[in-house]
Structures are given as structure tokens and as C-alpha cells.
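Descriptive analysis of the structure
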Amino acid sequence: MQKSAVTDTRIWDSVIELQNTVKTYEQKQVISLFKRQRVQVNALNDVSFCLQKGDFCAYAGPNGAGKSTTFKLLSGMLTPTSGQVRVFGKDPTQERIPLMKRTGILFGNRSELWWDHPVSASFQWKKVVWDIDERIYQRNVERLTALLDLDDFWHAFARELSLGQRMRANLALTLLHSPELVLLDEPTLGLDVLAKRQMIACLKQLNREEGVTILVTSHDLDDLREMTRRIVLINQGKLAFDGGYEELLHITGDRRVLRLRCEGQPPASLAGIPLVSVEDGLCSYEYDACSISTERLFTALSTIKSASDIELTNSPIESVFAELYQRWRS
Amino acid sequence: MDNLKGLFSLYGLYGKMDLRWAIQDPGTFAMVVASETIGNIASILGVMLLALRFGGVGGLTTDEILFMLGFFQMADGLTFMLFGSLNVMHISRRVGRGQLDHMLIQPRPLWMQLMAEGFMPVSGSYGLLTGIILTCIACARLQLTVSIPWLFLLLIYILCHAALSVGQMYLYGAAAFYRPVACEEISSVICDLNTQLGKFPLAGLPPWMTMILTTLLPVGLAAYIPSLILLHKFQKGPILALPLAVAAAFLIAASYAFRKGLHYYAKVSCNRYKDMGFRN
């Protein structure tokens, strides 16, 4: 797959910039009881992309693609093997302290909350450690409490929160110091629909109203599509795609799903479109809209006498990615 | 100056959080303090009973043993009060569990966080208080003249004990950067070693063993040698500076090893993450 030409990766005054970044790990493999071998694993292989102020970008890829490594490079926890990593034009490993004042980082499986204290205490802790001005602190607490609905559990012990409440509190904590850049690694992990909605709405509002630059990873690609305008896809450490969702769908083919409810045995194919599943009498046919004309499709449909209902939708983004990942793997 | 201000603001913060923890859950707090105090007293009881049974141990009288144990409790209690919270002292746990990342996202120098984050002046004060009481009883029974220079010397040796403990735990704990799983508990092992062996007098041991136990594996400097000096058994000579010199050497070595480990960590990170023990 070709990298999109939409994004210029050579802009220096960007918020995030990776230039020909390579990160190599050495992996020890056990061949047999007495035989070991060391293998070089390229977590990132010549990756270049940049984010400008106000960008809201998704960063996706299959497991082990290099997403978390990128986040660790951007937050100064790791040094690249070669190439450059810049955040606000600075090297994150050299300028960790000033950069952390401007950056908010949330890893979905980690919590910054103080377990044996009320949620409010964690916010007061962050106020001192990040040296947040009292006025900004009060403003942000009020706003984030309203946006993420923290009121109900503001005085509850962090250890007693549900996963959704904990993630919302963690996101609010990440945003407390008004960061200009927010890095979110799987923020919607394990959340129910309502908690997801609140989180996504909050992030979209911050991005829209304050121009906060956000880079977010998730395996929930529908969430990513709802949140972001741009997506960077990474596979086996290499940049596979950088651009908008429409463009991505165009590259992967204009996938559609035709759902047909009919009585009796459904046809195994419809104008050459294969039947992919049958569930409760609902037959699904997946096809590429570019490769078949609507006229041909409707002609084929008109021959099915037992059809009682027809539904035509775009293929879910999940299916598009599943196909992409499968294609990469093979 | 800014760093110092920042450090004290963090001490204030962690002190306040510790006090808040004690107040908001007094039942748990009382249980923790009572059980830890009993545990502390029990841990010194073995040596004390030996001294009572035989009228002293290792060339020290029963009251001198009580003084040594009081000193140990006081010094170890202070170390625990300063660095005991959130596995700051047991640094190999934090490194080995991949929890150092939590510190790296804070806009503070790492040394400042390590100095302040373990501070627990309320819930961690039982060891220090027990030690002060035992030392006061021993001083009264020994009819020791407590002067300002003597108190100053006492404070110096207590700080040496803290530096030695933390220095050793960070020196050996740095191994967790390289082998996170295997070395996760190495700082705790070092801590236990000091706690168990640091309470015994070294008299009667062969000179080469005494040498090892006061330099390479300095359990003799945890309480025995400082107590001898404070009890005026050594009035002058290089031995007076030995705890200070060895503590400084361990701190320098620990600083070097930890920095080297951090550089390695920046290359490979930690391939595991356990939230167990993190701010629990």
C-alpha cells in the first residue's frame, strides 16, 4: 500500500515530528534447551510523519505494529536507534521536563490515580507536581468535571470506581494542566457506550475549541473514525498509510454490505457477489461498489422472489481494517 | 534554589497526603501502626533476650545492646519514614514492574521525585518513635552525658545509616533495569539483609570478616560501629569517619549504577508492566 501524499512530513515547526525514525530491539529467542539466539526486531522502521497544532490524528495498526513504542519515543521514555523524534521542536529525551509540562499522556491500562485516596486528592496531587496555577486549576476542574461527569464520584476512593469512572477520571487528570499535546494510548479500552461517548465528546470539544493536538491509538476503529479526521496506519514498524478515512476507503475499495432477508435457501452468490453470512434469515453479501454496477445488482435482486427486505450499507470500518491487517499478514 | 523549593513543595505534598490517609481511614491507620510497631519490637527482641540471658552479647552489656538496638530502630525508622512509601526504597520493584514510566511523565527531575515520593511522616513514623524511646531508656540506664556535639554525631550516623541503606538498595536494585523479572525483589532482599544482620554485634569475628562486614557488605555500620563510637568505646581514629566514608562510597556507586541503568532503560524500556503495588 502506498503512503498518501497528503501530509508533508518535512515541516519543522510541527508539534510532533518523526523523521526516518528507527527503533530496534534485541529479542532473545529460545530455540531449544541449550540453544539461544538473538534477533533484531524493528519496532519502528524508517517512520516519518508529523502533526501540526490542532491535529486530531488516529494512530492504528495491528498488535505489535509499533504504536506503544512510538508513544514511548514521543514521551522521552525511549531513545530512537536512528532518525529523529521531535516534540515542539525538542528532543523528548533531552528536554523531558519542559515537554512534560506541555504534554498529557494516558496509557489505557495504567492509572495515575491514588488508589487509597478520593479522586479529588489525585487532582490536588497533580496540581502541586505539575505546578499548576490556582486559577487554571479551578477552571479546569470545573470544566472537566462537567464534561466528563465526575461529580458523582469526585469524593469516592479511586479503588472503588468502576472501569468507566476510572478512565474518565484518568482522562480528566491527563488534561488538568491544559496540555497542548495529548497522547492517548487505548483510552477507550473496556469502556461501555456511554463512557465512550463522554470521552470522545470531551476530546472533540478540546480539540475544536482550544486547538489541542491529539494523537490517539485504539483497536476500536469506529471510535477512531468518530474522533479523528486523519489516520496514520502502521504495520510491522513501517508507515503503511497517512491520510483521511475517505482516501483510505478508496484505497481499500469502496466496500459495501448488502443485507437481504428472504425465505428459503438464499442464493450462494448475487451477480457474482458471494454470500458471506446468514444470521436469523438475514443474508449478508459483501462487495466492492467500484467493481459492480448498481443496475446489475438490482437486476440480480429482482430475480429473488422470496426477498422481503433489503438493506445497503457501507462496510464497517472494522471490516476494512480486518481485511487490511489480513492482507499485511499474508 | 528552584530545585530546593520544588523539593520542599513535594515533601509538603506527600506529607499532607500521608496525613490525609491516616485521618480519612483511622481504623486502617491504627491497625497498620500497631502491627508494624509490634513487628518492630519483635524483630529486636531476639538479640535483647540473648543479652538478658547472658548478661550482654559480643562484648556489650545489656544496656549497651539496648542502646544499639534503639539506634538501629531510630535510623532504620527514619530511612523508612523518608523513603518507605510507594516502593521508592524498594526501587527494583518499581523498575522491574515497568512503573518507572509513571515518574518519567512528571515534569520534575527524577532525583527530586525519588527523594520526596517515599516520604510518609505520619504512617511511617512508628519505627523512628520506637527507636527514640528505646534510645532514651538506654541513655538513662547508661547515664550517658548527652551533649550538643554528641547529638550532632548521633544525627550524622543516623543519616549515614539512611544513606547506606538507600545506597545499597539502589546499587543492587539497578540490576532490575537489565533483568526486570529476576531482579524485581533484589532491593527487598538487601533491605532484609540489613534489617536482620544489622542488629548483631560483630565482636569475636575474625578480622577479615569484620573488614568485609564494615565495607563491602556494611551491616556492621548499620548500628554496631556507630553505637560503639557513641558509647565512647572509640574516641578517635579513622573509624569515626568509616560510616561516613562507606556511605558516601555506596551513594556514589549507586548513583553511577542507577544512571547507567536509566540509559539502558531508555534504549530497551521495560517489556512488562504490573500495576500491583503502584500507589496501592
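Residues numbered from 1 in each chain as written. Chains lettered and ligands numbered in written order. Predicted model: local features only at pLDDT ≥ 70, side-chain atom pairs only at ≥ 80, totals over all residues. Heavy atoms only, no water.

Attention now goes to a nonpolar patch on the surface. All names here are of chain B. A surface patch of nonpolar side chains, amounting to about 370 Å² of accessible area, comprises Ile41, Leu45, Leu49 and Leu52. Topologically, Ile41 is positioned in helix H2 (residues 26-54). A relative accessible area of 37% means that Ile41 is categorised as partly exposed. (Patch = residues over 30% accessible without salt bridge, like charges linked within 9 Å, V, L, I, M, F, W, Y side chains within 5 Å. Areas by Shrake-Rupley, 256 points an atom, 1.4 Å probe, with all protein chains shown as cover. Salt bridge = Lys/Arg side-chain N within 4 Å of Asp/Glu carboxyl O. Helix = DSSP H or I, 4+ residues; strand = E, 2+ residues; numbered from the N terminus. Buried < 20%, exposed > 50% of the residue type's maximum accessible area, 1.4 Å probe, protein only.)

If you look at the interface, chain B gives 33 residues, while chain A gives 31 residues. Both faces considered, chain B and chain A share a buried interface measuring about 3000 Å² in area, 58% of it formed by carbon and sulfur atoms. Interface area lost by chain B to chain A is led by Ile105(B), Pro107(B) and Arg279(B), which between them contribute 25%. Our count for the contact surface shared by chain B and chain A stands at two salt bridges. A salt bridge links Asp101(B) to Arg110(A); the nearest nitrogen and oxygen atoms lie 2.8 Å apart. Seen at the junction of chain B and chain A, the total is 14 residue pairs in polar contact (both at pLDDT 80 or more). Secondary-structure elements contributing two or more residues to the side of chain B that touches chain A are helix H1 (2-24), helix H5 (100-104), helix H6 (110-116) and helix H12 (242-268) of chain B. (Contact = heavy atoms within 4.5 Å. Buried area = accessible area lost by both parts, 1.4 Å probe. Polar contact = N/O pair within 3.5 Å; in protein donor to acceptor, adjacent residues only side chain to side chain.)

This next bit is on the confidence of the model for chain A. All names here are of chain A. Considering every residue of chain A, the mean pLDDT works out to 87; 94% of them sit at 70 or more. Ranking the helices and strands of chain A by mean pLDDT puts helix H3 (residues 119-129) first, with 97, and helix H10 (residues 317-329) last, with 71. Note that residues 1-11 has pLDDT below 50 and, in this model, 30 contacts with residues that lie over four places away or in other chains. (pLDDT = per-residue confidence, 0-100.)

Attention shifts here to the side chain of Gln113(B). Here Gln113(B) shows up in helix H6. Since its relative accessible area comes to 1%, Gln113(B) is described here as buried. Setting aside chain neighbours within four positions, we find Gln113(B) in contact with Arg96(A), Met103(B), Gln106(B) and Arg108(B).

It is worth spelling out empty space enclosed by the protein at this point. Empty pockets left among the atoms are what a rolling probe the size of a water molecule brings to light. Inspection of every chain in the model, using the stated rule, returns three cavities of 30 Å³ or more. In this model, the largest cavity occupies a volume close to 100 Å³. Looking at the lining of the largest cavity, the elements with two or more residues in it are strand S5 (103-107), H3 and helix H5 (163-175) of chain A. Here the lining of the largest cavity takes four residues from S5(A), the largest share from any one element. The calculated volume of the second largest cavity comes to roughly 80 Å³. In terms of lining residues, the second largest cavity is bounded by Met77(A), Ile105(A), Leu106(A), Phe107(A), Arg110(A), Ser111(A), Glu112(A), Asp101(B), His102(B) and Ile105(B). Those elements giving two or more residues to the lining of the second largest cavity turn out to be S5 of chain A together with H5 of chain B. Top element by residues in the lining of the second largest cavity is S5(A). It accounts for three residues. Residues belonging to the lining of the second largest cavity are distributed by class as follows: five nonpolar, two polar and three charged. (1 Å grid on protein atoms, 1.4 Å probe; cavity = no way out; pocket = protein on both sides within 12 Å on 5 of 7 lines; lining within 4 Å. Points joined across faces, edges and corners; volume = space filled by probe spheres on them. Nonpolar A, V, L, I, M, F, W, Y, C, P; charged D, E, K, R; others polar.)

This part covers the packing of H3(A) against H5(A). Two packed helices can be described by the angle between their axes and the distance between those axes. Residue and element names in this part refer to chain A. The interhelical angle for the contact between H3 and H5, taken along N-to-C directions, is 20°, at an axis separation of 10 Å. Between H3 and H5, the angle is such that the two are roughly parallel. The handedness of the crossing between H3 and H5 is right-handed. Counted together, Val119, Ser122, Phe123 and Lys126 of H3 and Ala169, Ala172, Leu173 and Thr174 of H5 form the full contact between these two elements. (Axes fitted to C-alpha atoms, helices over the stretch in contact; angles between N-to-C directions. Parallel < 35°, antiparallel > 145°, perpendicular 65-115°, else oblique. Left-handed = near helix turned anticlockwise from the far one by under 90°.)

As a further point, take the layout of surface pockets. Estimated volume of the largest pocket: approximately 1400 Å³. Considering the residues around the largest pocket, the lining is formed by 41 residues, among which Tyr25(A), Val268(B), Cys270(B), Asn271(B) and Arg272(B) are closest to the centre. Elements supplying a minimum of two residues to the lining of the largest pocket: strand S1 (16-32), strand S2 (35-51) and helix H1 (67-74) of chain A together with H12 of chain B. Taken together, the residues of the lining of the largest pocket break down into 16 nonpolar, 15 polar and 10 charged. Of the voids in this model, the second largest pocket is the one considered here, and its volume is about 1000 Å³. Looking at the second largest pocket, it is lined by 30 residues, and the ones nearest its centre are Leu110(B), Trp111(B), Phe258(B), Arg259(B) and Leu262(B). Those elements that place two or more of their residues in the lining of the second largest pocket are helix H3 (62-83), H6, helix H8 (148-173) and H12 of chain B.

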